[in-house]
Amino acid sequence: MTLQQHRPDGRGGLEPHRLPDRDWHRHLRSPRWGASLSRGRMPELKNVEMNPTSTRMAVAFWLGLAAATFVVLVIGYGTGFWR
């Protein structure tokens, strides 16, 4: 299924108007994404806004979150908040 453009036919109606077929693949080729590089390799793109978190810090965060959740549950059930 394709979309057709229509133009006025001069008698108050519309007639289909075909546009010349263009190679839309040509518009997708960009040297930024490695199309013009040798061997089809991708260019190295750096994300300057990204500061990766160290593995130790990530593990410490999740262990701390688990411990805090456990403490909240123990206090909540110990005081009878969740009965």
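Heads up: the structure comes first, above all this text.
## Points about the overall build of the protein chain
Part 1: In terms of helices and strands, the protein chain carries one helix and two strands.
Part 2: Counting from the amino terminus, the protein chain carries its helices and strands in the arrangement β-β-α.
Part 3: Among the 83 residues that make up the protein chain, the fraction classed as buried is 2%.
Part 4: Within the protein chain, contacts between residues at least 6 apart in sequence are counted, and of these 0% link residues at least 24 apart.
Part 5: Per element, the accessible surface of the protein chain, about 8500 Å² overall, is 60% carbon and sulfur.

## Some remarks on the packing of aromatic side chains
Part 1: Applying the stated criterion to the full structure yields three aromatic pairs.
Part 2: Ring centres of Y77 and W82 lie 5.4 Å apart, and the angle between their planes is 50°; this geometry places the pair in the tilted category.
Part 3: For Y77, a relative accessible area of 55% corresponds to the exposed category.
Part 4: Among the aromatic residues, those joined into a ring-pair cluster are Y77, F81 and W82.

## What about helix 1 (residues 55-78)?
Part 1: Over its 24 residues, helix 1 runs 34 Å from end to end, which matches the ideal 34 Å to within 8%, given 1.5 Å per residue.
Part 2: Backbone geometry just after helix 1 places G80 at a positive phi near 80°.

## Digging into the pairing of strand 2 (residues 14-17)
Part 1: Relative to strand 2, strand 1 (residues 5-8) runs antiparallel, the two sharing four bridges. Bridge pairing in strand 2 links H6 to P16.
Part 2: Here strand 1 hands over to strand 2 after five residues, with G10 in that stretch at a positive phi of 90°.

## Notes on the pattern of salt bridges
Part 1: In total, this model carries one salt bridge according to the counting rule given.
Part 2: A salt bridge links D9 to R11; its shortest N-O distance comes to 3.5 Å.
Part 3: Residue classification places R11 among the exposed residues on the basis of a relative accessible area of 72%.

## As for a nonpolar patch on the surface
Part 1: Taken together, the side chains of V72, L73, Y77, F81 and W82 make up a nonpolar region of the molecular surface, amounting to roughly 570 Å² of accessible area.
Part 2: With respect to the helices and strands, the residue F81 is situated in the segment after helix 1.

What counts and what doesn't
- Residues numbered from 1 in each chain as written.
- Predicted model: local features only at pLDDT ≥ 70, side-chain atom pairs only at ≥ 80, totals over all residues.
- Heavy atoms only, no water.
- Helix = DSSP H or I, 4+ residues; strand = E, 2+ residues; numbered from the N terminus.
- Buried < 20%, exposed > 50% of the residue type's maximum accessible area, 1.4 Å probe, protein only.
- Contact = heavy atoms within 4.5 Å.
- Areas by Shrake-Rupley, 256 points an atom, 1.4 Å probe, with all protein chains shown as cover.
- Phe/Tyr/Trp six-rings, centres within 6.5 Å; stacked < 30°, edge-to-face > 60°.
- Expected span 1.5 Å × (residues − 1).
- Pairing = 2+ DSSP bridges.
- Salt bridge = Lys/Arg side-chain N within 4 Å of Asp/Glu carboxyl O.
- Patch = residues over 30% accessible without salt bridge, like charges linked within 9 Å, V, L, I, M, F, W, Y side chains within 5 Å.

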